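Commentary on secondary and tertiary structure
The residues making up each chain are set out below.
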Amino acid sequence: NIFQHKQEARHPFFRVVELTDDIDDPAVWGKNFPLQYDGYKRTSDMVRTRYGGSEAMPRTPTQADPRSVVAQSRLEEDPRLRKIWAGYAFATDFREERGHAYMLTDQLYTERQQVVKQPGACLNCHASMVTAYRKAGDGDMFRGFEVICRTPYAEARPLVEHPVTCIDCHDPGTMALRVTRPAFIEGMRAYKASQGVKDYDVNTMATRHEMRSFVCGQCHVEYHFAGEGKRLTYPWHNGLKADEILAWYDQSGFKDWVHADSGAPMLKAQHPEFELWNQGVHARAGVSCADCHMPYQRVGAMKISDHHIRSPLLNINAACQTCHKASESELLARAETIQGRTQSVRNLAMDAVVELIADIVAARDGGATDAQLGVARDFHRKAQFLLDFIEAENSSGFHADQEAVRVLSLSLDYARRGQRALRGLPTGATAATE
Amino acid sequence: NIFQHKQEARHPFFRVVELTDDIDDPAVWGKNFPLQYDGYKRTSDMVRTRYGGSEAMPRTPTQADPRSVVAQSRLEEDPRLRKIWAGYAFATDFREERGHAYMLTDQLYTERQQVVKQPGACLNCHASMVTAYRKAGDGDMFRGFEVICRTPYAEARPLVEHPVTCIDCHDPGTMALRVTRPAFIEGMRAYKASQGVKDYDVNTMATRHEMRSFVCGQCHVEYHFAGEGKRLTYPWHNGLKADEILAWYDQSGFKDWVHADSGAPMLKAQHPEFELWNQGVHARAGVSCADCHMPYQRVGAMKISDHHIRSPLLNINAACQTCHKASESELLARAETIQGRTQSVRNLAMDAVVELIADIVAARDGGATDAQLGVARDFHRKAQFLLDFIEAENSSGFHADQEAVRVLSLSLDYARRGQRALRGLPTGATAATE
Amino acid sequence: MLTVSVLVGSAAGIGVFTFIYAEGASYLTDRPQACANCHVMHEQYDGWQRASHRDVATCNDCHAPHDFFGKYATKAINGWNHSLAFTMGGFPEPIRITERNLRVTEAACRHCHAQVVHAIDPLEPGGAGAMSCVRCHRNVGHEH
Ligand SMILES: [Ca+2]
Ligand SMILES: [Ca+2]
């Protein structure tokens, strides 16, 4: 294999073990690539930044949840979140996310698992799935994916062993990047079709550079479980923008739950990093997730990708200064200015949504019928999804600063129109998208 | 003068005439600097861009207004503007701005002059003022400024002859940049004081680089006429952000007019390019107005500043590509994406303000008293000022993309709260600024 | 437009000619490789080979002063600093140019381009009012 030869010539590594698609233990891969493995293990570090990273909060382990350290609770930081998620599992437990090392245990022990019976589909993004999918599908990844999606979580959990690991992003033979998640393959196919590109296949048609973001886009995306089979689905059929995704959910009539207070059919947005990044100037300029979150680092005579995936603001020299010739403090200030602006508008939108909920409750208590509340409830659903889209996105707007605030102002506007609807006033045309 | 000597030694230009502070005719300066003068004259060109530039609209000259070409009417493009400015001169005539060559005639013949008696203060930004101020003040620029500010426009007009010209930006002896507008000198002093810098003097304390933006900031700024003396004043006492300016206007109780429909005490924002640019990443990175609007051009073996000041989108190669290694079409797309997003949120905010006005009118017609309308009117004033700030800013948000949309969402939120106030509902805490 | 391009063309031609005549080819072959002996300089070396100045300026044309004493003083300081850093490690990655060396480089731009930039660069080279060339022309020496 030519690629392999070149690779070897440039990266003088010792082939200590022969890697195959049956080996998912990162310690074994780490024998060939000890530097990458060292970084990989360090994703267990917990360090806060102003708006990101994560903080190590000690807790007393219990039988139900043996974790002695968790990340800070977002519900305690901002009690409004309990209101907007009333009636849904997220109102029970929602924490700041932390490093990859924790993904499997954090998913297993979140109190959300105690409130709702989850399907095996959850595992897609919290474990190394390559061998599990293949086993469950008798060698066929897509079949295995379908089987595991619909299996109850508790039954599916024993099928996996590791958090995301080498095999999920790399081909064992060539070490080339690859996408191993059917949901992403299908999501991208639907998205590209909406852009006029037919039969898109990410593993054969993406450039190497695109793969430096696509491997992350396997998980850092908005999702839902479609139909009885709980098939993990990425809602990109109209496009990747928040309002395009909302339009698709509206078309397909999907809901995650019914709001306990307003009675509206709600949507929960989750970690749309890939979608938001796509709208930003970094993506336009071809800057990939790996460029910032896995910057090259020099080890001896070699340059390797830093596999200690974390907040780039903990690593500004390597993550930003390759491209930006400004001081570390200046770059930090630029990022935090963007994040601060996003937070300030997020707060406005969240207040507006909370007020709309209260208004709907008051109207209902005042005797309004479901028919009379229908329009306002629809505005609640829309306003909250757009708010949540930016709230759930983990860069606090950095990945696409102006777009983040645009989406929040759409949210604000829907909340405002919902309040008008309750008074029987005209609510205006559908919001203009760009 | 040492500076001058060095200048002469290194500049192989022909000192055809001796320039002094009494010569304001650009044709005379142009004898020494023919290349800059050639560019300067070309500001009479009219070319549209998607959101800027200007379009040459033929008209039949009349005695009252002899112009045979004007720029397109913004009121015709967007009839909502007439509503938000009801009762104010801007609802009569408001056009897209065009090149510097037109500034004096456009000011003289705008129909706004027929509706309101304007003071000489207007001239500050529409004419070459150096000799006029000095004459009117018997050699003292500040005295002359005060005199001309309070003189009625019709009387003051004959004191000036040229649109902005060389002498307004350059020292005739050294050609170094200088600020010649008392209002900017005072405005910057107040602004710097708010940042803890005492007795700031722009002409002695600014770097050469800062001057490359300050000469433009003399005019491309929000302003009002303070007190009986109609002293031209820049409202930067709390800072340069839109909400900081609004807070200062609120503190000082200033109003431009009373809205014909809502009865609210209104503010009109005008061309805050300098203020918005200050919030953007280009300003943070030290990119000045002149860098984009007067990029260097090579003429023969010499490199000079392009004095054909215009939309950089008509000149992307020189204006952007020295710093940005992307294609012209890609850079244009980036700018227009930003502008399109800004416009879409501007439209939401404008609809909201128009609806708030209608709501206030309906409440008044329904018998609400002035006391009952007070809070809603205050929200109208605030929402509209912030909307107008971005509407009046001429880059369609490009100068600071995220900030522009942040300001618009504050506007949206104020409109929403005004609508709540009319129903006697709590309107929430004062909006969080960053 | 035609006139302009003819002028630009001949100006560039003279520039190249002057360079070759005065400096000789040795700079092009030996010196950059001397810098690239150090593997941490490979990136700049690679970048230089792809940048606009590869045929007209070598590392030291931009990174050493153009007078004899300044040149060797700077080489001594940098040689010491870089060798030390190279041995000890602990320097920032990516490497960033120091204030002092940036001034040296800016002076080098002006040395070669005095004719072209005199109109926009009224003050003493490197003086307080000087315009930083690199602010706009960051990539002329080597792509980053
Ligand atoms: Ca985190
Ligand atoms: Ca214009």
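Now for a description of the structure that goes with this document.

What counts as what
Residues numbered from 1 in each chain as written. Chains lettered and ligands numbered in written order. Predicted model: local features only at pLDDT ≥ 70, side-chain atom pairs only at ≥ 80, totals over all residues. Heavy atoms only, no water. Helix = DSSP H or I, 4+ residues; strand = E, 2+ residues; numbered from the N terminus. Contact = heavy atoms within 4.5 Å. Buried area = accessible area lost by both parts, 1.4 Å probe. Salt bridge = Lys/Arg side-chain N within 4 Å of Asp/Glu carboxyl O. Polar contact = N/O pair within 3.5 Å; in protein donor to acceptor, adjacent residues only side chain to side chain. Donors = N, O, S within 2.8 Å, 3.2 Å for Na, K, Ca; no water. Axes fitted to C-alpha atoms, helices over the stretch in contact; angles between N-to-C directions. Parallel < 35°, antiparallel > 145°, perpendicular 65-115°, else oblique. Left-handed = near helix turned anticlockwise from the far one by under 90°. Nonpolar A, V, L, I, M, F, W, Y, C, P; charged D, E, K, R; others polar. Core = buried A, V, L, I, M, F, W, Y, C linked by side-chain atoms within 4.5 Å. Buried < 20%, exposed > 50% of the residue type's maximum accessible area, 1.4 Å probe, protein only. Patch = residues over 30% accessible without salt bridge, like charges linked within 9 Å, V, L, I, M, F, W, Y side chains within 5 Å. Areas by Shrake-Rupley, 256 points an atom, 1.4 Å probe, with all protein chains shown as cover.

**Looking at the environment of Val405 of chain A**
The topology assignment puts Val405 of chain A in helix α22 (residues 401–422). Taking the C-alpha atoms as reference points, Val405 of chain A and Ile390 of chain A, 15 residues apart in sequence, are found 8.4 Å from one another.

**Describing the interface of chain A and chain B**
Chain A puts 36 residues into the contact, and the matching count from chain B is 36 residues. Regarding the contact of chain A and chain B, the summed buried area is about 3400 Å², with carbon and sulfur atoms giving 50% of it. At the junction of chain A with chain B, the criterion picks out 12 salt bridges. Notably, a salt bridge pairs Glu330 of chain A with Arg284 of chain B, separated by 2.9 Å at the nearest N-O pair. Across the chain A-chain B interface, the total number found is 24 residue pairs in polar contact (both at pLDDT 80 or more). Elements that contribute at least two residues to the side of chain A that touches chain B include exactly α17 (281–284), α20 (328–365) and α22 of chain A. With 14 residues, α20 of chain A is the largest single contributor of residues to the side of chain A that touches chain B.

**As for the coordination of the calcium ion (ligand 1)**
All names here are of chain A. Protein-derived ligands of the calcium ion (ligand 1) are Gly53 (O), Glu96 (OE), Glu97 (O), Glu97 (OE) and Glu97 (OE), with the metal-ligand distances lying across 2.3 to 3.1 Å. For the calcium ion (ligand 1), all donor residues lie on one chain, and their spacing in sequence is G-x42-E-E. Remark: Glu96 occurs in the loop between α5 (80–84) and α6 (103–109) and Gly53 occurs in the loop between α3 (34–41) and β1 (57–58); sequence separation between them is 43 residues.

**Details of the packing of helix α15 (residues 242–252) of chain B against helix α21 (residues 370–392) of chain B**
Residue and element names in this part refer to chain B. Orientation of α15 relative to α21, taken along the N-to-C sense of each, is 140 degrees, at an axis distance of 10 Å. In terms of orientation, α15 and α21 fall into the oblique class. By crossing handedness, the relation of α15 to α21 is classed as right-handed. The segment α15 lies against α21, with Ala242, Asp243, Ile245, Leu246, Tyr249 and Asp250 engaging Arg381, Lys382, Phe385, Leu386 and Phe389. Of the residues that constitute the contact of α15 with α21, the class distribution is seven nonpolar, no polar and four charged.

**Some thoughts on the nonpolar core**
Counting residues in hydrophobic clusters, the biggest one holds 171 residues, and the most contacted among them are Phe214 and Trp236 of chain A together with Phe214 and Trp236 of chain B. Not counting chain neighbours up to four residues away, the residues in contact with Phe214 of chain A comprise Val179, Phe184, Met188, Tyr200, Val202, Ala206 and Phe274 of chain A.

**Some words on the coordination of the calcium ion (ligand 2)**
Perfect tetrahedral coordination of a metal by four donors corresponds to 109.5 degrees between them, and perfect octahedral coordination by six donors corresponds to 90 or 180 degrees. Residue and element names in this part refer to chain B. Protein coordination at the calcium ion (ligand 2): the donors are Gly53 (O), Glu96 (OE), Glu97 (O), Glu97 (OE) and Glu97 (OE), at 2.2 to 3.1 Å from the metal. Mapping the donors of the calcium ion (ligand 2) onto the primary sequence gives the spacing G-x42-E-E. Taken together, the residues span a long stretch of sequence, with Gly53 in the loop between α3 (34–41) and β1 (57–58) and Glu97 in the loop between α5 (80–84) and α6 (103–109) at a distance of 44 residues.

**Examining the pattern of salt bridges**
Residues and elements named next belong to chain A. By the definition in use, this model includes 88 salt bridges over all chains. Its salt-bridge partner being Asp78, residue Arg346 comes within 3.1 Å of it at the nearest N-O pair. Pair noted here: Arg346 is in helix α20 and Asp78 is in the loop between α4 (74–77) and α5, with a separation of 268 residues, a long-range link. Residue Arg346 shares its accessibility class with Asp78, and that shared class is buried. Here the salt bridges share partners, and the residues they tie into one network are Arg74, Glu77, Asp78, Arg80, Glu96, Arg346, Asp351 and Glu391.

**Topic: a nonpolar patch on the surface**
Residue and element names in this part refer to chain C. Side chains of Trp80, Leu84 and Met88 sit close together on the surface and give an oily, nonpolar patch of about 400 Å² of accessible area. Tracing the sequence through the fold places Trp80 in helix α5 (residues 68–88). Residue classification places Trp80 among the exposed residues on the basis of a relative accessible area of 59%.

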